[in-house]
Amino acid sequence: APSNKNLIPIATLVGHARGINDVCWSRTAEYVATASDDKTLRLWDVQTSDALVEFRGHTNFVFSCNFNPQSNLLVSGSFDETVKLWDVRSGDCVSTLPAHSDPVTGVDFNRDGTCIVSGSHDGLIRVWDAATGECLKTIYAGGNPPVSHVRFSPNGRFVLSGTLDSKLRLWDVLAKGGGNGNAHDGSKRKRTFLNTGVGADGGMGLGFIGASGNKGGIAGVRDYDDPSEAAAALQRQLLELSNGGGGGNGEMMRTSIDDPLSSTAGANRGGRCTKTYNGHVNTRYCIFSCFSVANKNRQSVVTGSEDGRIFLYDLQSRQVRQILNGGHSDAVLAVDAHDTREIICSGGMSNDRSIKFWMPITPSVGKRKRKTDHGPAGGVNAVASLGYNETNEG
């Protein structure tokens, strides 16, 4: 039988009127913040369990929250389709970003706190200037699948997104230009470039663009590999323009179907999808994903799955490194990895209700009864002697 002796509850924080959707630690580990269906966030003292600040302002469920590196700001995403930035000490809302047209499912700061990323069921991932509230980039994948989770990489260069097409994508948000499609395979493919835009008289236009560009009333630039994809994306953009998006000020936006990234700040701020990870199941719920980089020789992307498993993908090769199987009896929505130790934490849904910790097999751990099944041979062989094993249960 599983042992419950190693993990015991040491404090209970009571204050929210409805369920809690997210919990995050401050970078100083002095505080935790919680996001709730009661439309509020709360700040708690870790040592005393006291509720210090209540953040009010959202008009619907608050689904996601995170501290900036200095722990003086808190960002939140809500079903009211906005992203809010809060002063941690006062509880005041510093800024409200009219970020999306559907519930915001994930928010995060980059490593120095200068940028915020948000993801939404509208299929968009947006990068914001934390100081000005300016939208720096808008990213969306082919087919526009709803975004279930977003997270900056530890170095702040990449954004990891989970979408309801059972894929994780790694976006290089600092790359210049529109990229070359699936950059991970190095292929170069013929592209068709189309313009859509709003002229000075408010009329919408369509045309091709040359290598030198064209500012004559053009609000957007798109590049495609497939005519059907071009038509679908064009229809989407025309809809956006008819709803007042895009603008007619000659600013350029460049987007690729496979690695789309548009920038209202200028075409030289493009980006690309550098990696795609697939194998897990994610079509219904918002599933967390994370980077496991404590061991530089085994850097991984970790995600839960609706089939009750945890997938570890090799960060660089995109292959399944290992599948942690048999630990949960329901969908795994919550995962996280320790910053400096090779430990993964996972949590199951209502039919499971358990929290499990996993760590690499060492000679001492290897003597225990194994509860972990390995995944496909491509991911197992490289880590067969260093696979993850369940340790303790919460």
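Going by the structure above, here's the rest.
Report follows, based on the coordinates. Residues take numbers from 1 onward in each chain, read along the sequence in its written order. Under the rules for a predicted model, residues below a pLDDT of 70 receive no local features and side-chain atom pairs below 80 are neither given nor counted, while totals for whole chains, interfaces and linings still include all residues. With hydrogens and water stripped out, all remaining heavy atoms of the structure feed into the side-chain values.

Before going further, it helps to examine the overall build of the protein chain. Across its full length, the protein chain holds 3 helices and 28 strands. Buried, partly exposed and exposed residues are distinguished by accessible area as a fraction of the type maximum, computed with a 1.4 Å probe on protein chains only: under 20%, between the cut-offs, and over 50%, respectively. When the 394 residues of the protein chain are sorted by exposure, 50% land in the buried category. Reported accessibility uses the Shrake-Rupley method at a 1.4 Å probe radius. Residues are deemed covered only where the shown protein chains occlude them. Accessible surface for the protein chain amounts to roughly 18,200 Å². Of this, 50% is attributable to carbon and sulfur atoms. Numbered from the N terminus, helices here are DSSP runs of H or I no shorter than four residues, and strands are runs of E no shorter than two.

Only buried residues count toward a nonpolar core. Its members are Ala, Val, Leu, Ile, Met, Phe, Trp, Tyr and Cys residues joined through side-chain atoms within 4.5 Å. Core analysis: the largest hydrophobic core is formed by 14 residues, its most contacted members being Val117, Ile125, Val127, Phe152, Val159, Trp171 and Val173. If you list the elements that add at least two residues to this core, you get strand S10 (115-120), strand S11 (125-129), strand S12 (135-139) and strand S13 (147-152). We call two residues contacting when some pair of their heavy atoms lies within 4.5 Å. Each residue touching Val127, except ones within four places of it in the same chain, is listed here: Cys115, Ile116, Val117, Glu134, Cys135, Leu136, Lys137, Phe152 and Val173.

Now for the sheet that holds strand S21 (residues 289-292). A pair of strands is treated as paired once DSSP finds two or more bridges between them. Reading across from one edge, S21-S22-S23-S24 is the order of the 4 strands in this open sheet, with antiparallel pairing throughout. Taken across any chain shown, the strands that pair with only one partner, and hence form the sheet edges, are S21 and strand S24 (320-324). Taking each pair of neighbouring strands and ignoring which way they run, the sheet shows an average axis angle of 20 degrees. Here strand S22 (residues 300-304) pairs with strand S23 (residues 310-314) via 5 bridges, running antiparallel. Directly across from Gly304, in S23, lies its bridge partner Ile310. To define axes, lines are fitted to C-alpha atoms, for helices over the stretch in contact only, and angles between the resulting N-to-C directions are given on a 0 to 180 degree scale.

Here, a salt bridge means any side-chain nitrogen of Lys or Arg that lies within 4 Å of a carboxyl oxygen of Asp or Glu. Applying the stated criterion to the full structure yields 8 salt bridges. A salt bridge links Glu342 to Arg298; the nearest nitrogen and oxygen atoms lie 2.6 Å apart. One end of the pair, Glu342, is in the loop between strand S25 (332-337) and strand S26 (344-348); the other, Arg298, is in the loop between S21 and S22, and 44 residues separate them in sequence. For the pair Glu342 and Arg298, a shared accessibility class is recorded, and that class is buried. Across the pair Arg309 and Asp307 runs a salt bridge whose closest N-O atoms are separated by 3.0 Å. Given the relative accessible area of 24%, Arg309 is considered partly exposed. Among the charged side chains, a network of salt bridges with common partners joins Arg42, Glu54 and Arg56.

If you walk across this open sheet you meet the 4 strands as S13-S14-S15-S20, and the pairing is antiparallel. Across the chains shown, the open sheet's two edge strands, defined by having one partner strand only, are S13 and strand S20 (272-278). Sheet twist, expressed as the average angle between the axes of neighbouring strands with direction ignored, equals 20 degrees. Looking at chain direction, strand S15 (residues 167-172) and S20 are connected through 6 bridges and run antiparallel. Looking across to S20, one finds that Leu170 is bridged to Lys275.

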